[in-house]
Amino acid sequence: MKEEPRRIPVATDQDVVRVRQLVRTVAVEAKLSLVDQTKLVTAASELARNTLVYGGGGIVEVYGVRNDFRAGIRIVFADEGPGIADLELALTDGYTTGGGLGLGLSGARRLVDEFTIETAVGQGTTITVTKWCR
Amino acid sequence: MERVPVLKIGDILLVSIQIDMEDQTALQLQEDLAEKIVATGCHGVIIDISALDIVDSFVGRTLATIAAVSRVLDAETVVVGMRPAVAITPVELGLSLPGIRTALNVDLGIEMLAFSRDGAWAEDAEDDENEADPAAVPTP
């Protein structure tokens, strides 16, 4: 089962706030525990900010998903920015090419159940994360 | 952009973050607080985050910077009211919140500031005494 996604274009700081609010709403609907809601919203906040700051803006899509066993939430962050040249390095705690702490990407990965990243230099970055209900 | 108000209560500046802050709002708060500390000469800052439903790396970094800047301006910062679910995420995120003191609520935060201020005074007084001591011993 796959619902229609809810989409938010990310072009400003305010859109990052909107992404957080949408993810929170969907997480509550999916009956994620409070701690899991908080983890997912935090991860979404980090990744949406990356889409804006490093990807130059993009699109965030939020889906409700279900496998044979349980329900969950999948979020896709897509930008058409410069892409990530060294993925392993980018996923290292503390590494940043911006002014941040270098925890966004690596931290977000720890806060979700599934994390995939597709990127190529000059072709943008698409990150997909999933959090399952326990 | 919304702005977070900074209230002066006695010797303390109180900030209660009641909105989902844009990054710019957080940076503005950082500036506003530094200016207000200098303008008022307050020695304590309490930041109430009980209404925040997440602390991501940006907010965490902003809180740490506020604490560090306040210290340079002779003010102590206490972050109060962090929700239990919120406390778990910064740790998993790898955010260490260096130099941030925390208390469970505003009341305890005020107590903590009063205590550390009194403690600092008591220590100063003790130091003065110790310095005075050698002079009191007559040299043969």
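To keep things clear, this report deals only with the structure shown in the data block. Note that the structure is a prediction, hence the values are computed from the model and not measured. (Residues numbered from 1 in each chain as written. Chains lettered and ligands numbered in written order. Predicted model: local features only at pLDDT ≥ 70, side-chain atom pairs only at ≥ 80, totals over all residues. Heavy atoms only, no water.)

We now examine helix H1 (residues 23-40) of chain B. Its 18 residues give H1(B) an end-to-end C-alpha distance of 26 Å, which sits within 8% of 26 Å, the value for a rise of 1.5 Å per residue. Residues of H1(B) that are buried include every one of Asp23(B), Thr25(B), Ala26(B), Gln28(B), Leu29(B), Asp32(B), Leu33(B), Ala34(B) and Ile37(B), and no others. (Helix = DSSP H or I, 4+ residues; strand = E, 2+ residues; numbered from the N terminus. Expected span 1.5 Å × (residues − 1). Buried < 20%, exposed > 50% of the residue type's maximum accessible area, 1.4 Å probe, protein only.)

All right, on to the interface of chain B and chain A then. Between chain B and chain A, the contact holds 20 residues from the first and 23 residues from the second. Interface area, chain B with chain A, both sides summed: about 1900 Å², of which 55% is carbon and sulfur. Our count for the contact surface shared by chain B and chain A stands at six salt bridges. Note that Lys39(A) and Glu92(B) form a salt bridge whose closest N and O atoms lie 3.1 Å from each other. (Contact = heavy atoms within 4.5 Å. Buried area = accessible area lost by both parts, 1.4 Å probe. Salt bridge = Lys/Arg side-chain N within 4 Å of Asp/Glu carboxyl O.)

The next point concerns the side chain of Asp32(B). All names here are of chain B. Along the chain, the position of Asp32 falls in helix H1. On the accessibility criterion, Asp32 (14% relative accessible area) is buried. If we skip the residues at most four places from it in the chain, Asp32 touches Arg3 and Val6.

Okay, the sheet that holds strand E1 (residues 6-9) of chain B next. All names here are of chain B. Taking strand neighbours across the sheet as the criterion, the five strands line up as E1-E2-E3-E4-E5 in an open arrangement whose pairing is mixed. At either margin of the open sheet sits one strand with a lone partner, and together these are E1 and strand E5 (101-103). Between one strand and the next, the sheet's axes are offset by a mean angle of 30°, whatever the strand orientation. Direction of pairing for strand E4 (residues 76-80) relative to E5: parallel, over a ladder of three bridges. Of the residues in E5, the one forming a bridge with Val80 is Ala103. Helix-sheet contacts for H1 involve E1, strand E2 (12-16) and strand E3 (44-48), and the interaxial angle to E2 is about 160°. Sheet strands touched by helix H2 (residues 57-72): E3 and E4. Its angle to E4, the strand with the most contacts, is close to 155°. (Pairing = 2+ DSSP bridges. Axes fitted to C-alpha atoms, helices over the stretch in contact; angles between N-to-C directions.)

The next thing to look at is the layout of surface pockets. Taken as a whole, the largest pocket spans an internal volume of roughly 770 Å³. Lining the largest pocket we find 37 residues, and of these Asn50(A), Tyr54(A), Thr96(A), Thr97(A) and Gly98(A) sit closest to its centre. Contributing elements (two or more residues each) for the lining of the largest pocket: helix H2 (34-53), strand E3 (71-79), helix H3 (87-90), helix H4 (104-111) and strand E5 (125-132) of chain A together with H2 of chain B. Element by element, the count of residues in the lining of the largest pocket is highest for H2(A), at seven residues. Per-class residue counts for the lining of the largest pocket are 16 nonpolar, 14 polar and seven charged. Top element by residues in the lining of the second largest pocket is helix H4 (residues 106-136) of chain B. It accounts for five residues. (1 Å grid on protein atoms, 1.4 Å probe; cavity = no way out; pocket = protein on both sides within 12 Å on 5 of 7 lines; lining within 4 Å. Points joined across faces, edges and corners; volume = space filled by probe spheres on them. Nonpolar A, V, L, I, M, F, W, Y, C, P; charged D, E, K, R; others polar.)

Bringing the pairing of E1(B) into the picture now. Bridge count for E1(B) against E2(B) is four bridges, and the pairing is antiparallel. Residue pairing for E2(B): Leu7(B) is matched across the bridge by Leu14(B).

A few words now on the pattern of salt bridges. Summed over all chains, the structure comprises 18 salt bridges over all chains. One salt bridge in this structure joins Arg7(A) and Glu61(A), with 2.5 Å as the shortest N-O distance. In this pair, Arg7(A) sits in strand E1 (residues 6-10) while Glu61(A) sits in strand E2 (residues 58-66), placing the two residues 54 residues apart along the sequence. Classification of Glu61(A) as buried rests on a relative accessible area of 15%. In the salt-bridge network here, residues are joined through shared partners; they are Arg20(A), Glu46(A), Arg49(A), Asp20(B), Asp23(B) and Asp56(B).

Residue and element names in this part refer to chain A. An order of E1-E2-E3-E5-E4 is seen for the five strands of this open sheet, with the pairing classed as antiparallel. Each edge of the sheet is formed by a strand with only one pairing partner; in this case those strands are E1 and strand E4 (114-119). Each adjacent strand pair in this sheet contributes to an overall mean axis angle of 15°, direction not counted. Of the pairings in the sheet, the one linking E1 to E2 comprises five bridges and is antiparallel in character. Looking at E2, one finds that Ile8 is bridged to Val60. Sitting on the sheet, helix H1 (residues 13-29) touches E1, E2 and E3, and the angle it makes with E1 is about 160°.

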